[in-house]
Amino acid sequence: RVLRAAVCAAFYPQVARVDRPPKEYTEGIAGAIEKQAEARRMRYFVLTDAASDSFAEDPDSGRRFQKHEDSMRAFLHPSSVLFKEANYSCPYVVFSSKQAQEARADLGKPARLNLSEASEASVFALLLFGGSLRAVTQRNEVLVDELIAFSSGSTTVVALVEKLRTEIDALLLRKVESPQLSLASEAVAQAVATLIKTDGLGS
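Residue numbers restart at each chain and count upward from 1, following the sequence in its written direction. A pLDDT threshold of at least 70 governs which residues receive local features in this predicted model, and a stricter bar of 80 or more applies before side-chain atom pairs are shown or counted, although totals over entire chains, interfaces and linings include all residues. Note that water and hydrogens are dropped before the side-chain values are worked out from all heavy atoms of the structure.

### As for the packing of helix α3 (residues 155–177) against helix α4 (residues 187–198)
Then, in step 1: The axes used here are C-alpha line fits, helices contributing only the stretch in contact, and every angle between their N-to-C directions lies in the interval 0 to 180 degrees. A run of H or I in DSSP counts as a helix once it spans at least four residues, and a run of E counts as a strand once it spans at least two, with each numbered from the N terminus. In contact at an axis separation of 10 Å, α3 and α4 are set at 125 degrees when each is read in the N-to-C sense. The pairing of α3 with α4 is recorded here as oblique in orientation. Between α3 and α4 lies a crossing whose hand is left-handed. Counting all contacts with α3, which are made through Leu-164, Glu-167, Ile-168 and Leu-171, the residues of α4 involved are Val-188, Ala-189, Val-192 and Leu-195.
Then, in step 2: Here the residues of the contact of α3 with α4 sort into seven nonpolar, no polar and one charged. Any angle between 65 and 115 degrees counts as roughly perpendicular, while under 35 counts as roughly parallel, over 145 as roughly antiparallel, and the rest as oblique. It is the rotation of the near helix from the far one that decides the hand of a crossing: anticlockwise by less than a right angle makes it left-handed, clockwise makes it right-handed. By definition in these notes, contact holds between two residues if any of their heavy atoms fall within 4.5 Å. For this classification, the nonpolar set comprises Ala, Val, Leu, Ile, Met, Phe, Trp, Tyr, Cys and Pro, the charged set comprises Asp, Glu, Lys and Arg, and every other residue, Gly included, is treated as polar.

Pasting the structure below:
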């Protein structure tokens, strides 16, 4: 999980949303059993920026933020380790690069966008090392860069994460100024490691 968080922080903001297919069930001896989703039915959407002059205002804080409304269907490259993956604990993946594949009318193949070297993202890596945060109280969500949405969000959660971000920045600055500083013994580093290793459960 720590390695996955490091990869997530390194590749951000190259993020794609994972849309799972509707759940299906089959009858078993003990009743209905959820069927395993198939990897080929997973749909991926690259989160794209809206026009640079497209802004909206947060009704709660009055703060203006850039709108990001567009997304583009994408496909994992067959060489990706996630190509056959059907179970995601986080509904986002990060990737190192994307390639546009031209349409081949003679073969009946449409143009498509392929993602290379994809890795499942981490919720707390996106919250701690992603972009700006905003709480949408009407939908009980936290948004990262107006692109990534997580439920159970609130202004308190945003405030706590932003405070931890500030402490991380301060700790990294101290490390730059004093290279001999051991991060492992620092309370902030230990808190971040615990959040990432336990997905916020703390145990």
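### Side note on the confidence of the model for the protein
Then, in step 1: Known as pLDDT, the predictor's per-residue confidence is scaled from 0 to 100. Per-residue confidence for the protein averages 80 on the pLDDT scale, and 85% of its residues sit at or above 70.
Then, in step 2: Contacts of residues 50–68 to residues separated by more than four positions or lying in other chains number 39 contacts, the stretch itself having pLDDT below 50.

### Side note on the sheet that holds strand β13 (residues 141–144)
Then, in step 1: Any two strands with at least two DSSP bridges between them are considered paired. Spatially, the three strands line up as an open sheet ordered β12-β13-β14, and their pairing is antiparallel. The open sheet has two edge strands, β12 (133–136) and β14 (148–151), and neither has a second partner. Averaged over neighbouring strand pairs, the angle between their axes works out to 25 degrees when direction is ignored.
Then, in step 2: Strands β12 and β13 of the sheet are contacted by α3, whose axis makes an angle of about 170 degrees with β12.

### A look at the pairing of strand β2 (residues 25–28)
Then, in step 1: Relative to strand β3 (residues 31–34), β2 is paired through four bridges, and the arrangement is antiparallel. Within the sheet, the bridge partner assigned to Tyr-25 lies in β3 and is Glu-34.
Then, in step 2: Connecting β2 to the antiparallel partner β3 that follows it, the hairpin turn spans two residues.

### Quick notes on the environment of Lys-98
Then, in step 1: Mapping Lys-98 onto the fold places it in strand β9 (residues 97–101).
Then, in step 2: According to the relative accessible area criterion, Lys-98 is partly exposed, its value standing at 45%.
Then, in step 3: Separated by 17 residues in the primary sequence, Lys-98 and Leu-115 place their C-alpha atoms 4.5 Å from one another.
Then, in step 4: Ignoring anything within four residues of it in the chain, the contact list for Lys-98 reads Leu-113, Asn-114 and Leu-115. Think of it in three bands: residues with accessible area under 20% of the maximum for their type are buried, residues over 50% are exposed, and the middle band is partly exposed, with areas taken using a 1.4 Å probe on protein chains only.

### Let's talk about the layout of surface pockets
Then, in step 1: Its volume calculated, the largest pocket comes out at about 280 Å³.
Then, in step 2: Residues are said to line a cavity or pocket when one of their atoms sits within 4 Å of a point; the points come from a 1 Å grid over protein atoms alone, cavities being sets where a 1.4 Å probe fits but cannot get out and pockets being open sets with protein on both sides within 12 Å along at least five of seven lines. Considering the residues around the largest pocket, the lining is formed by 15 residues, among which Pro-21, Glu-34, Lys-35, Gln-36 and Ala-37 are closest to the centre.
Then, in step 3: Grouping the constituent residues of the lining of the largest pocket by class yields six nonpolar, two polar and seven charged. Grid points are joined across faces, edges and corners, and a volume is the space filled by probe spheres set on the points.

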